[in-house]
Amino acid sequence: MTAQKSGCFLAPDVVASLYNRTKCSMKRSVKHCEFNAHIPKQFLRMIPTVMWTRWSDYHVISQYGMHFLVPTPDATSLTYDCTQQPGSLVADALDLGRQLAANTQEADSLCASFAAHYGLLGLDYTGDTYGAAQGYELPASMCPLNSQKYGDDLGQFQMTFIELYQHFCTVRGEEYPAAGSKFLDLSGVLNYRLTCGQTPQLIWQTETLKEVLYLFYAALITDGKPTLKVCKNCGKVYYNPHAKSEFCGTKCRNYYNVKAFREKQLGHEESSFSSI
């Protein structure tokens, strides 16, 4: 089957061929980083500013039998430095993974909400323009990164957060139901730059939000001081550097304390009644 140009969509088999072509073109000078290794605190300072674009609203579309999370037609863009709040980024990603792992019916809206706050992940993006140069109407995942036409594959987008949360569960010593089906180690391929001169510096060159997210998660989870925590009341994953923090907020703390007090009072009443 021959694909046509000038705004026509590609046939599914041609899309697969182009997709594989772009993935195979990723031959760069990279450093393989296993994220279960210890990463010192100064690692965070090795990540330069990463300007990333997020759009005000996202929705799910279907193309070539696949689903993509893309900005809505009337969405507005905002470019920001996605390295400024590592704790919030990682905690929100883990909590999204927790909710998605629970097979929530609100999965699409939860993903859209995360994207509106931080942007898409840039999954499998290579920057290859082969298809566009030939005049093809490309699927969302092969459009220019951070443009209004670009979109992440929804299934991959969701699995990225679920797998991150599964890894977090193993770090906490929890047995995750799907953990026995495959290894849950996280790994990735990243570019780096070693500056010249008498005081060389190692600088990680992250290009997508997913790379930034994984690096920050690795740094926080191996720091030795637990800052990624699970709320004692609602189970939400949150970030707090204070060692004694047990709740994601005042509301949960008050609710938990009132509930514990009432259960204690009920226990006293039952004990007094049985002694009569």
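Residues numbered from 1 in each chain as written. Predicted model: local features only at pLDDT ≥ 70, side-chain atom pairs only at ≥ 80, totals over all residues. Heavy atoms only, no water.

### Considerations on the sheet that holds strand 4 (residues 66–71)
Sheets are built from strands that pair by backbone hydrogen bonding, the pairs being arranged parallel or antiparallel.
Argument step 1. Judged by pairing direction, the sheet is antiparallel, and its 3 strands sit side by side in the order 3-4-6 without closing on themselves. Each edge of the open sheet carries a strand with a single partner, namely strand 3 (58–63) and strand 6 (152–153).
Argument step 2. The pairing of strand 3 with strand 4 spans 6 bridges and is classified as antiparallel. Bridge assignment links Gln63 to a residue of strand 4, and that residue is Met66.
Argument step 3. The strands touched by helix 3 (residues 107–118) are strand 3 and strand 4; relative to strand 3, the strand with the most contacts, the crossing angle is about 120 degrees. (Pairing = 2+ DSSP bridges. Helix = DSSP H or I, 4+ residues; strand = E, 2+ residues; numbered from the N terminus. Contact = heavy atoms within 4.5 Å. Axes fitted to C-alpha atoms, helices over the stretch in contact; angles between N-to-C directions.)

### Comments concerning empty space enclosed by the protein
Argument step 1. Tallied over the entire structure, the rule returns 2 cavities of 30 Å³ or more.
Argument step 2. Volume-wise, the second largest cavity comes out at about 50 Å³.
Argument step 3. Every residue lining the second largest cavity is listed: Trp52, Thr53, Trp55, Tyr58, Leu120, Gly122, Leu145, Asn146, Ser147 and Tyr150.
Argument step 4. Top contributing element to the lining of the second largest cavity by residue count: strand 2 (residues 51–55), with 3 residues.
Argument step 5. Grouping the amino acids of the lining of the second largest cavity by side-chain chemistry returns 6 nonpolar, 4 polar and no charged. (1 Å grid on protein atoms, 1.4 Å probe; cavity = no way out; pocket = protein on both sides within 12 Å on 5 of 7 lines; lining within 4 Å. Points joined across faces, edges and corners; volume = space filled by probe spheres on them. Nonpolar A, V, L, I, M, F, W, Y, C, P; charged D, E, K, R; others polar.)

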